[in-house]
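Coordinate analysis (summary)
These are the residues of each chain, in order.
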Amino acid sequence: MPKVGMPEIRKPQLINATMEAINAVGLHKASVAMISSYAGVSPAIINHYFGGKHGLLEATMRSVLQQLSHGVKIRLQETAPDDVVSRIKAIVSGNFDTRQVEPKVVKTWLAFWSLAMHDPALHRLQRVNEKRLLSHLLLELKQVLPTDRALIVAQSIAALIDGIWLRGALTPTGIDSDVAQRLITDYLEQQLPEDVIARHKSGTGY
């Protein structure tokens, strides 16, 4: 976490520089000196306010996760509260937002996932993100499905998001957001009661 007093203008510069460096050479080769040169600051700034590269990576992922959460929140605000299908589509769409599938962000996510398995602080961030996604999905699905079934469908959608995202991240062409959302929508419509789908398509919500 950055220390209190870190100039606000420097935070986005350093976070963006971290992602640019990871995109260029990978996490292990992205040194404090390289990141600081991308940001146009002294390496001492990073060490002082973030305690080194690890602290900066944590701050960077917090920023990425905040953007993800904000993207989902905005989409939900723009969706009718009684249209379960549209609201789940909004959650999925937020996870495939254009900012989330930028090459530099994708590579930062991959670096984060690889470290989170062994790093307690990063693992906590990952768990918060997982729980938030499941919570959003369950809140909607429990309106139209029994609780136990809603949990299974929510976990399946979360797994599809991660799996499709990861597969796309590892292909030369990158993540195709439109295809990803169509695949997940197809699964969703197979799991929901027919009347829910019919009301969604007719524009009358749940």
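In short, a report on the structure. Every value quoted in this text rests on a predicted model; they were computed, and no experiment measured them. (Residues numbered from 1 in each chain as written. Predicted model: local features only at pLDDT ≥ 70, side-chain atom pairs only at ≥ 80, totals over all residues. Heavy atoms only, no water.)

**Points about the overall build of the chain**
- In terms of helices and strands, the chain carries ten helices and zero strands.
- Each helix and strand of the chain, placed in order from N terminus to C terminus, yields the pattern α-α-α-α-α-α-α-α-α-α.
- Summarising its shape, the C-alpha atoms of the chain cover approximately 60 × 35 × 30 Å along the three principal directions.
- By sequence separation, contacts in the chain at least 24 residues apart represent 65% of the contacts at least 6 residues apart.
- A total accessible area of about 10800 Å² is found for the chain, and carbon and sulfur atoms account for 56% of it.
- Counting 23 positive and 19 negative side-chain charges, the chain places the averaged centre of each group 8 Å from the other. (Helix = DSSP H or I, 4+ residues; strand = E, 2+ residues; numbered from the N terminus. Contact = heavy atoms within 4.5 Å. Areas by Shrake-Rupley, 256 points an atom, 1.4 Å probe, with all protein chains shown as cover. Lys, Arg positive; Asp, Glu negative; His and termini not counted. Charge placed at Lys NZ, Arg CZ, Asp CG, Glu CD.)

**So, the nonpolar core**
- In this structure, Trp109, Leu141, Ile157 and Leu192 are the most contacted members of the largest nonpolar core, which totals 62 residues.
- Once you skip the residues sitting within four places of it in the chain, Trp109 turns out to touch Met61, Val64, Leu65, Leu68, Gln100, Gln126, Asn129 and Trp165. (Core = buried A, V, L, I, M, F, W, Y, C linked by side-chain atoms within 4.5 Å. Buried < 20%, exposed > 50% of the residue type's maximum accessible area, 1.4 Å probe, protein only.)

**A closer look at the packing of helix 2 (residues 32-39) against helix 3 (residues 43-50)**
- At their nearest, the axes of helix 2 and helix 3 sit 8 Å apart, and the two run at 105° to each other. The angle between helix 2 and helix 3 places the two elements in the roughly perpendicular class. Contacts between helix 2 and helix 3 involve Val32, Ala33, Ile35 and Ser36 from the former and Pro43, Ile46 and Asn47 from the latter.
- Taken together, the residues of the contact of helix 2 with helix 3 break down into five nonpolar, two polar and no charged. (Axes fitted to C-alpha atoms, helices over the stretch in contact; angles between N-to-C directions. Parallel < 35°, antiparallel > 145°, perpendicular 65-115°, else oblique. Nonpolar A, V, L, I, M, F, W, Y, C, P; charged D, E, K, R; others polar.)

**A word on the pattern of salt bridges**
- Counted according to the given criterion, the structure contains six salt bridges.
- As a salt-bridge pair, Lys104 and Glu20 come within 3.4 Å of each other at their nearest N and O atoms. On the criterion of sequence distance, the pair formed by Lys104 in helix 6 (residues 103-116) and Glu20 in helix 1 (residues 10-25) is long-range, its members being 84 residues apart.
- Glu20 gets classed as partly exposed once you look at its relative accessible area, which sits at 28%.
- Here the salt bridges share partners, and the residues they tie into one network are Arg75, Asp97 and Arg99. (Salt bridge = Lys/Arg side-chain N within 4 Å of Asp/Glu carboxyl O.)

**Focus on the packing of helix 4 (residues 53-77) against helix 6**
- Between helix 4 and helix 6, the shortest axis-to-axis distance is 11 Å and the interhelical angle comes to 120°. Classified by the angle between their axes, helix 4 and helix 6 sit oblique to one another. Considering the relative orientation of helix 4 and helix 6, their crossing is left-handed. Facing Leu57, Thr60, Met61, Val64, Leu65 and Leu68 of helix 4, the residues of helix 6 in contact are Val105, Thr108, Trp109, Phe112 and Leu115.
- Among the residues forming the contact of helix 4 with helix 6, the class breakdown is nine nonpolar, two polar and no charged. (Left-handed = near helix turned anticlockwise from the far one by under 90°.)

**Some remarks on the side chain of Arg87**
- Mapped onto the elements of the fold, Arg87 is located in helix 5 (residues 84-95).
- Not counting chain neighbours up to four residues away, the residues in contact with Arg87 comprise Leu76, Thr79, Ala80, Pro81 and Glu140.

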